Amino acid sequence: MTRLTRRYRFSASHRLHAPELSEQANRELYGKCNNPFGHGHNYLAEISVTGTPDPHSGLLVRVPALDELVERTVLRDLEHCDLNRSLVNVVPTSENVAAEIVRRLEAAWPAEFPKLAGVRLWETKRNRFELRHEEQ
Amino acid sequence: MLITRRVEFSASHVCANPALSEAQNRALYGVGANPHGHGHNYVLEVTLAGDPDPVTGMVFDLRELKEILQREVVEPMDHRFLNREVAPFDKVVPTTENIAAEIWRRLEPNFGGSTRLSNVRLYETEDLFVDYAEEAA
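All values derive from a computational prediction rather than experimental measurement.

## A few points about the overall build of chain A
Then step 1. A count of helices and strands for chain A gives four helices and five strands.
Then step 2. In chain A, the succession of α and β elements from N to C terminus is β-α-β-α-β-α-α-β-β.
Then step 3. For chain A, the spread of C-alpha atoms along the principal axes amounts to about 60 × 25 × 25 Å.
Then step 4. Residues classed as buried in chain A amount to 28% of the 136 residues present.
Then step 5. Sequence separation of at least 24 residues holds for 67% of the intrachain contacts in chain A that already meet a minimum separation of 6.

This is the structure:
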């Protein structure tokens, strides 16, 4: 089994606020993350692919092609953006951001690419959120 | 239980397949195909799986693991031009994928009994790494 992982970084702001809940309930649930003016993080996304490298090239995937896909489908909409606007109808918790990254990648995933193995999103150095492809 | 040891080595390489034209290699490998080579500070994480010995409390003697990594990987590869000085990369393109698989092949015979090689992770840069593991026979 060969798995290749590439790290991408983006900085973005968000506010955690569930519209179904009261102001008081939101404050209790999300604490400082419910600050009405929002706040931000330096996110780190680790995107993994798995499969068998091409026997002639020795490559599992052309990394510049993976970079281009991630830039076009993920980073362009998230880098230095307000995640409450980048994500529609969903609270931009890192759980939901990770799931959104997987959805965006899957929607544009080229047929010749190896399998998407997973996405791991670090919100800070202390919090990480991981989605394996099978869990989608 | 899994135990992991990390070592580093620095080496140069060219990613180009001699069966392809220069233009094809450029399209496939980008700047990695520059004919005079380039280098990386590789970081290798080797993970072993096993149960702690009831007497020693160790899955594997980390000092011995350090010696194995030094002998099988660091001594032959550190400060070398992989394509010219380290087999099989005179014939096999030294992509991160292929180097990780070669490191597995070099390390795997060193472990037996209750301890087995579980994973080889090779970082070419901080932002690009490959995990390689073969299923237990």
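From this point, things continue past the structure.
## Side note on the environment of B:Thr96
All names here are of chain B.
Then step 1. Along the chain, Thr 96 turns up in helix α4 (residues 96-107).
Then step 2. Along the chain, Thr 96 and Leu 122 lie 26 residues apart, while their C-alpha atoms are 7.1 Å from each other.
Then step 3. For Thr 96, the contacting residues outside a window of four places in its chain are Leu 122, Glu 124, Leu 128 and Val 130.

## Structural notes on the interface of chain B and chain A
Then step 1. Taken together, the contacts link 16 residues of chain B with 16 residues of chain A.
Then step 2. Those elements that provide at least two residues to the side of chain B that touches chain A are α4 and β5 (128-132) of chain B.
Then step 3. It is β5(B) that contributes the most residues to the side of chain B that touches chain A, five residues altogether.

## Remarks on the nonpolar core
Then step 1. Of all hydrophobic cores here, the largest spans 49 residues; its most connected members are A:Ile101, A:Leu121, B:Ala100, B:Ile103 and B:Leu122.
Then step 2. In this structure, B:Cys15, B:Leu28, B:Tyr29 and B:Ala33 belong to the second largest nonpolar core, which totals seven residues.

## Section: the environment of A:Phe37
Then step 1. Mapped onto the elements, A:Phe37 comes out in the loop between α1 (23-30) and β2 (39-51).
Then step 2. Considering only alpha carbons, one finds A:Phe37 and A:Ser13, 24 residues apart in sequence, at a separation of 9.6 Å.

## Examining helix α2 (residues 63-78) of chain A
Residues and elements named next belong to chain A.
Then step 1. The sharpest bend along α2 reaches about 45 degrees and sits at Glu 71.
Then step 2. Looking only at α2, the buried set comprises Leu 66, Val 70, Val 74 and Leu 78.
Then step 3. Here the buried face of α2 lies against β1 (2-14), β2, β3 (81-82), α3 (83-86) and α4 (94-108).

## As for the packing of helix α2 (residues 62-77) of chain B against α4(B)
Residue and element names in this part refer to chain B.
Then step 1. For the pair α2 and α4, the least separation of the axes is 10 Å and the interaxial angle reads 125 degrees. Between α2 and α4, the angle is such that the two are oblique. The hand of the α2/α4 crossing is right-handed. Contacts from Ile 68, Glu 72 and Val 73 in α2 reach Ile 103, Arg 106 and Leu 107 in α4.
Then step 2. Classifying every residue of the contact of α2 with α4 gives four nonpolar, no polar and two charged.

## Some points on the confidence of the model for chain B
Then step 1. The predicted model of chain B averages 95 in pLDDT, with 99% of residues at 70 or higher.
Then step 2. Predicted complex, confidence summary: ipTM 0.86, pTM 0.91.

Rules of the game
- Residues numbered from 1 in each chain as written.
- Chains lettered and ligands numbered in written order.
- Predicted model: local features only at pLDDT ≥ 70, side-chain atom pairs only at ≥ 80, totals over all residues.
- Helix = DSSP H or I, 4+ residues; strand = E, 2+ residues; numbered from the N terminus.
- Buried ≥ 20, exposed ≤ 12 C-beta atoms within 10 Å, placed from the backbone.
- Contact = placed C-beta atoms within 7 Å.
- Core = buried A, V, L, I, M, F, W, Y, C linked by C-beta atoms within 7 Å.
- Bend = angle between axes of the 7 residues up to and from the residue.
- Axes fitted to C-alpha atoms, helices over the stretch in contact; angles between N-to-C directions.
- Parallel < 35°, antiparallel > 145°, perpendicular 65-115°, else oblique.
- Left-handed = near helix turned anticlockwise from the far one by under 90°.
- Nonpolar A, V, L, I, M, F, W, Y, C, P; charged D, E, K, R; others polar.
- pLDDT = per-residue confidence, 0-100.

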